[in-house]
Amino acid sequence: MPTCRRKRVVLTEPSEALLQAAKSNPNKEVYYLQQTGEIFETYEAYAARMSFYRLKQFQCEVTGKSGLDYFQALESEQQEAQTMHSRFPEPLKAAVLKAVQWQVVGRLDHLVEAVFDRFKDRYFVDEKVFVDAQGDKFYAKVVQVHPPKTKSDDVDVPAENQASSSSVTSPPHGIVDDDAVQIHKVGGDLKIPAKEALVRDDPLKYSYKVQILEEQHEKSHEKGKAASKDKAKWSGSFMDVQCSVMSRDRLAFSKSILRRFIRDCVDRDAAVASPWTVKPVIAKHYGVDSVMPEETRKGVEDIKRGEIDKRKKIWEDKEGPPTKKQKKMTAAQEERVKALAVAAEKREREAREKAERQQKAKEEAERLAAEKKKKKPIRYPTEDLDVRLNDKEKKAGLKVKKPTPSKLGVPFGENQGTFEAFLTSWNFLVIYGQPLHLSTFTMDEFEHALRHSLIDPPCALLGEIHSTLIYNLRTVPFTRHSAVLSLLRLQDTLEEEHRVLGVSIDELAGAMADVGNNWERIPLRHNEMRDGWEEALLGCLKDHATLDNFPRLREVLTRLLFAPEPHAEVSSSSSSSRVSSPAANNLTVQSSPSERYYTLPPADRIDILTLMCNLAVSSKAVHSHMESCEEQLTALRKEKIEIGRQKKQYTEEMNSLAGETEVKEPGTNGTVPDEDTTMHESSDLSDVPSEDGSETASTSSARQKRSARQKDLRQKAHTQAHAKQRELARAQAASAKQALAEHRRLDEEVNKLERRLEAIEREFRKLLGAVRIKPLGKDRFHNRIWWFDGMGSASLLGSGGVVQYGTGRIFIQGPSEMDLELMLKKEDDDYDARRLEEEGPEGMLAPSEWAQYAEPEELDEFLAWLNPKGVRELALKNSFIKWWSHIAPGMRKRISDLNISAKLPEARRSTRTKPSGHDVSREPYMMWTNRRAVNSV
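Residues numbered from 1 in each chain as written. Predicted model: local features only at pLDDT ≥ 70, side-chain atom pairs only at ≥ 80, totals over all residues. Heavy atoms only, no water.

**Overview of the overall build of the chain**
And step 1. Scanning the chain from N- to C-terminus turns up 32 helices and 21 strands.
And step 2. Classification of the 937 residues of the chain by burial places 37% in the buried group.
And step 3. Residue pairs in contact within the chain that sit at least 24 positions apart in sequence constitute 75% of those at least 6 positions apart.
And step 4. Counting every atom, the chain has about 55800 Å² of accessible surface; 51% of that belongs to carbon and sulfur. (Helix = DSSP H or I, 4+ residues; strand = E, 2+ residues; numbered from the N terminus. Buried < 20%, exposed > 50% of the residue type's maximum accessible area, 1.4 Å probe, protein only. Contact = heavy atoms within 4.5 Å. Areas by Shrake-Rupley, 256 points an atom, 1.4 Å probe, with all protein chains shown as cover.)

Right under this line is the structure:
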């Protein structure tokens, strides 16, 4: 049985309630663990037990292998048991099991020693043994066992350690008479002392008749061809031998094999002095008596009682003398009792001290672990939600509460779903402006164009956007009249005469029949102001839209093809109330898309553009542009790596030039010869001629000549030294000038490379936006921070380095559902309370909710709120630092443009009737022109 922490694993028994339920309801469903046969009433109990069995903490009881799960340990035990049972001699099994049955032995090792000593020289019929005969070893099989002969029938027995051969064939081997049943009965009985058993049943007096087995002998003991020829004559013959010349194979019978066999076949209770008992199934198989004899039971009880009394006496002696009078013990008994009491007390004290040490060590380990966990220094950056401002940081002026972003300031902020569709459409049109042949426009211009409701003057931006998308969708496969078919399928599920805005599906289909049928061939020329794009739009919707990809198809088509009655339209337009009767909303007069498009609410226009943008993604032009962007991104990555190498090389050269200049400057003075040295050298030269001749006092003319010559030499040496010094100074000045010029050149090259890297970063952002769009980062609460400027066909800088912007704002998107679930699982933090404290009730964004920062001052406060100790906010702050030179100027440029166009609110309130005193054509969105338009398209 596998063990866990040195204890055998006990299988789970079904509960009494489960057994009773199974009796009352035999069809009750339960959970059955096939490997162990266990039954569980609930899946939780089954899964818990299976999880326990799968732990790598079990040990094979046979081999001692650890680190196994229960099933691996069980399989290992079964394999080892099978191997052991196949090796252990089969005739010996019954005798060994009968010998160990009901034995009271404390340790299994002692039982194994006793059994091995009793059976190592005792053999049984059909055992395979080795026989030593005439100096050779044979592999043989025991055919007959002859017990010791009595004196009456003694005959001459061959000398000990000699084997006699016989060529006479023996009868079928086996036990020939009833006396053989008593073979080794006394010697194999462990209840009889070993010395007495040896006297009464001496194994040396047994005689065995064996048969030589050639095949096994050749496999195990063949050492040469010559030897095999000599031994071949013994094959199949019979011998009478004694145990002194017999032995067993050590792989079949040894103390280790015997110990494994006994441990696998016997068991013992945990009670004091419990006997070893053979397992019932094995006992039945080998004919071992499973009922304890009365004599044996009494003996076991006596041993158990004696052991209990012995322990009780030790405890009584330890606790003190009893109150009742006891018999006086002898001195030897007293010494023995004292020794036992001292030993027991010592063992108990050692056990108690060991337990106390273990408990103290455990408590100390737990204390250290808790202290380490509590005082473990935090390595920053770490998880943002684990970072909290302390009192010192709060006093230093770090912001606790985030500046509240504006939710209503986002375009169409009253409906967050409309804003997401609006943002998606604008982003697609700006990013893929190049393949669509569409110039960039700001988000403000796009918003105002969608709110434009005047037929005259028409909005060129709307015409160009729809026309370019219509041209693009001509290359996308479509199903003719898919919208009509979808509406007809819807009609089958509705009641008769079901109307929307006062129009039935049959009336709508009839109105659609003659509008926009040849939309894919209608020329929408740029120089003709895209005349007819509204009818082409309706034809495009007829062939591309369905209720699956455009749920508001019926309402939008009805608004494009039907108009209200003139008096109802006048009354509804003149009414100041926002609530109107259902009859006033009915559209009963058939009209044309060119007249009705500008009456569509912005939400419907955004839905149309969203559908067209989603379909245009699969067009060939957009796919080709994305592949081109991928190639350009790869080229930019390689160029960036190469520029980095060049910049590093230039920097190393600049550092080496600066080092050489520093080394040369102090060495200049050391290379110029000193004047004193020069004079000394010249004086030495002047003394040379005086050594050749003798100077006399009478030759004054000679002295004058020598003096003049020395003076000339000194002057000449001085002049030469100054000339060398000037020449060296000029060379050093030229070298320094050249090094300075080279340093300036390298510095200029480095500046050029840095400017190129900045341009690469901007170009990389543009191209990456066409492939995938990523936010700047996340804050501590997983709000996504978006900046959409400078992506796709848009640029951050115009001609001459003029600042350009697309949105001129920073958008905040609320955390996703998955992020919220992950944050709410943190049990040690009150997430909602912290959000309320640090974001405020107005600043908490729900999933798919948007807000914005439109002014640089708000963004400065937001950056001051970010804590760089958190991994997310550190990355976000680094992104802001990287692009701050473009973000802040773009926001200021947008504010400046809004101030210039001070009449923006009036433009938003414009209606079909042109307001007096205001020229809509002067609005920025009306002055936009498409510089990328192709005249032929």
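**Here's the deal with helix α18 (residues 482–493)**
And step 1. Given a rise of 1.5 Å per residue, 12 residues ought to cover 16 Å, and the 17 Å separating the end C-alpha atoms of α18 matches this to within 8%.
And step 2. Of all the residues in α18, the buried ones are Ser482, Ala483, Val484, Ser486 and Leu487.
And step 3. Of the surrounding secondary structure, the elements contacted by the buried residues of α18 are α19 (505–512), α20 (533–544) and α21 (553–561). (Expected span 1.5 Å × (residues − 1).)

**Observations concerning the environment of Ile212**
And step 1. Considering the arrangement of structural elements, one finds Ile212 in strand β9 (residues 207–212).
And step 2. Looking at Ile212, the relative accessible area reads 2%, which means it is buried.

**Focus: the pattern of salt bridges**
Between side chains of opposite charge, a pair can form when the charged atoms approach closely.
And step 1. All told, the structure shown has 48 salt bridges when counted by the stated rule.
And step 2. The residue Arg8 makes a salt bridge to Asp267 at a minimum N-O spacing of 3.8 Å. Here the residue Arg8 occupies a position in strand β2 (residues 7–8), and Asp267 occupies one in strand β12 (residues 266–267), the gap between them amounting to 259 residues.
And step 3. Given a relative accessible area of 38%, Arg8 falls into the partly exposed group. (Salt bridge = Lys/Arg side-chain N within 4 Å of Asp/Glu carboxyl O.)

**Overview of the sheet that holds strand β21 (residues 850–853)**
And step 1. Strand order in the open sheet formed by 4 strands is β18-β19-β20-β21, and the pairing between neighbours is antiparallel. Of all the strands in the sheet, just β18 (777–778) and β21 have a single pairing partner and so form its edges.
And step 2. Where strand β19 (residues 784–786) lies against strand β20 (residues 810–813), 3 bridges are found, and the strand directions are antiparallel. When the bridges of β20 are listed, Trp786 appears paired with Phe811. (Pairing = 2+ DSSP bridges.)

**A few points about the nonpolar core**
And step 1. Grouped together as the largest cluster of nonpolar side chains are 94 residues, with contacts concentrated most on Leu429 and Leu469.
And step 2. Per-element accounting of this core gives the leading share, 9 residues, to helix α14 (residues 416–431).
And step 3. Setting aside residues up to four positions removed in sequence, Leu429 forms contacts with Leu436, Leu438, Phe441, Phe446, Ile465, Leu469 and Cys613.
And step 4. Among the nonpolar cores identified, the runner-up in size contains 30 residues, and Met84, Leu111, Phe124 and Ile282 belong to it. (Core = buried A, V, L, I, M, F, W, Y, C linked by side-chain atoms within 4.5 Å.)

**Structural notes on a negative patch on the surface**
And step 1. Together, Glu855, Glu857, Asp860 and Glu861 make up a negatively charged patch on the protein surface.
And step 2. By the element assignment, Glu857 lies in helix α30 (residues 856–865).
And step 3. Its relative accessible area of 48% is what places Glu857 among the partly exposed residues. (Patch = residues over 30% accessible without salt bridge, like charges linked within 9 Å, V, L, I, M, F, W, Y side chains within 5 Å. Lys, Arg positive; Asp, Glu negative; His and termini not counted. Charge placed at Lys NZ, Arg CZ, Asp CG, Glu CD.)

**Remarks on the pairing of β9**
And step 1. With 5 of 6 residues buried, β9 lies mostly within the body of the structure.
And step 2. Here strand β7 (residues 136–146) pairs with β9 via 6 bridges, running antiparallel. Within β9, the position partnered with Ala140 by the bridge is Ile212.
And step 3. Pairing of β9 with strand β10 (residues 238–241), which is carried by 4 bridges, proceeds in the antiparallel orientation. Considered in β10, the bridge of Gln211 is made with Phe238.

**Considering the sheet that holds strand β1 (residues 3–4)**
Within a sheet, adjacent strands bond to each other through the backbone by hydrogen bonds, running parallel or antiparallel.
And step 1. Reading across from one edge, β2-β1-β5 is the order of the 3 strands in this open sheet, with antiparallel pairing throughout. Single-partner strands in this sheet number two, and they are β2 and β5 (58–59).
And step 2. With 2 bridges connecting them, β1 and β2 associate as antiparallel partners. Its bridge partner being in β2, Cys4 is matched across the sheet by Lys7.

**A closer look at the environment of Leu385**
And step 1. Summarising the element assignment, Leu385 is placed in the loop between α12 (331–375) and α13 (391–395).
And step 2. On the basis of relative accessible area, Leu385 is assigned to the buried category, the value being 6%.
And step 3. The spacing of Leu385 and Asp779 is 394 residues in sequence and 9.8 Å in space, taken between C-alpha atoms.

**Quick notes on the packing of helix α17 (residues 460–473) against helix α24 (residues 602–616)**
And step 1. Axis separation between α17 and α24 bottoms out at 10 Å; the angle between their running directions is 35°. Relative to α24, α17 is oriented so that their crossing is left-handed. Here α17 contributes Leu462, Ile465, His466, Leu469, Ile470, Asn472 and Leu473 to the contact with α24, which in turn contributes Arg605, Leu609, Met612, Cys613, Leu615 and Ala616.
And step 2. Taken together, the residues that form the contact of α17 with α24 break down as 10 nonpolar, 2 polar and 1 charged. (Axes fitted to C-alpha atoms, helices over the stretch in contact; angles between N-to-C directions. Left-handed = near helix turned anticlockwise from the far one by under 90°. Nonpolar A, V, L, I, M, F, W, Y, C, P; charged D, E, K, R; others polar.)

**Overview of the packing of aromatic side chains**
Two aromatic rings are characterised by how far apart their centres lie and by the angle between their planes.
And step 1. Applying the stated rule across the entire model yields 34 aromatic pairs.
And step 2. On the numbers, 5.8 Å between centres and 45° between planes, the contact of Phe52 with Tyr53 is tilted.
And step 3. Taken together, the aromatic side chains of Phe412, Phe419, Phe422, Phe441, Phe446, Trp786, Phe788, Phe811, Trp850 and Trp928 make up a single cluster linked through ring pairs.
And step 4. Lys137 extends its terminal NZ or CZ atom over the ring of Phe130, reaching a point 5.8 Å from the ring centre. (Phe/Tyr/Trp six-rings, centres within 6.5 Å; stacked < 30°, edge-to-face > 60°. Lys NZ or Arg CZ within 6 Å of the ring centre and 35° of its normal.)

**Describing α24**
And step 1. Taking 1.5 Å of rise per residue, 15 residues should cover 21 Å, and α24 covers 21 Å from first to last C-alpha, within 8% of that figure.
And step 2. Most of α24 sits inside the fold, with 11 of its 15 residues counted as buried.
And step 3. Listing the buried residues of α24 in full gives Asp604, Arg605, Ile606, Ile608, Leu609, Thr610, Leu611, Met612, Cys613, Leu615 and Ala616.

**Brief notes about a nonpolar patch on the surface**
And step 1. Taken together, the side chains of Val30, Tyr32 and Ile39 define a hydrophobic patch exposed on the protein surface, amounting to about 250 Å² of accessible area.
And step 2. Take Tyr32: it is sitting in strand β3 (residues 31–33).

**Comments concerning the pairing of β20**
And step 1. Side chains of β20 alternate between two faces, with Ile810 and Ile812 and Phe811 and Gln813 buried alike.
And step 2. Here β20 runs beside β21; their pairing, made up of 4 bridges, is antiparallel. Across the sheet, the residue bridging to Phe811 is Gln852, located in β21.

**Some details on the packing of helix α16 (residues 443–451) against α24**
And step 1. With their axes 9 Å apart at the nearest point, α16 and α24 run at an angle of 115° to one another. Of the residues in α24, those in contact with Phe446, Ala449, Leu450 and Arg451 of α16 are Pro602, Arg605, Ile606 and Leu609.
And step 2. When grouped by side-chain class, the residues that make up the contact of α16 with α24 number 6 nonpolar, no polar and 2 charged.

**Considerations on unusual backbone geometry**
And step 1. The omega torsion across Tyr380 and Pro381 is -5°, close enough to zero to call that bond cis.
And step 2. Turning to its location among the elements, Pro381 is positioned in the loop between α12 and α13.
And step 3. Positive phi outside glycine occurs at His481, with the angle close to 60°.
And step 4. With respect to the secondary-structure elements, His481 resides in the loop between α17 and α18.

**Quick look at the environment of Lys255**
And step 1. Within the secondary structure, Lys255 sits in helix α9 (residues 255–265).
And step 2. Accessibility expressed as a relative area gives 37% for Lys255, which makes it partly exposed.
And step 3. Once the C-alpha coordinates of Lys255 and Val115 are considered, the two residues, 140 residues apart in sequence, prove to be 9.2 Å apart.
And step 4. Among residues more than four places away in sequence, those in contact with Lys255 are Val112, Glu113 and Phe116.
And step 5. A polar atom in the side chain of Lys255 sits 3.0 Å from the side chain of Glu113. (Polar contact = N/O pair within 3.5 Å; in protein donor to acceptor, adjacent residues only side chain to side chain.)

**Some words on the confidence of the model for the chain**
And step 1. The predicted model of the chain has a mean per-residue pLDDT of 81, with 82% of residues at 70 or higher.
And step 2. Contacts of residues 570–583 to residues separated by more than four positions or lying in other chains number 1 contact, the stretch itself having pLDDT below 50. (pLDDT = per-residue confidence, 0-100.)

**Observations regarding the side chain of Asp819**
And step 1. Residue placement: Asp819 occurs in helix α28 (residues 817–824).
And step 2. The buried category is assigned to Asp819, whose relative accessible area is 8%.
And step 3. Within polar-contact distance, the side chain of Asp819 engages the side chain of Ser816 at 3.0 Å.
And step 4. Non-local contacts of Asp819, meaning those with residues more than four positions away in its chain, are made with Lys778, His782 and Arg784.

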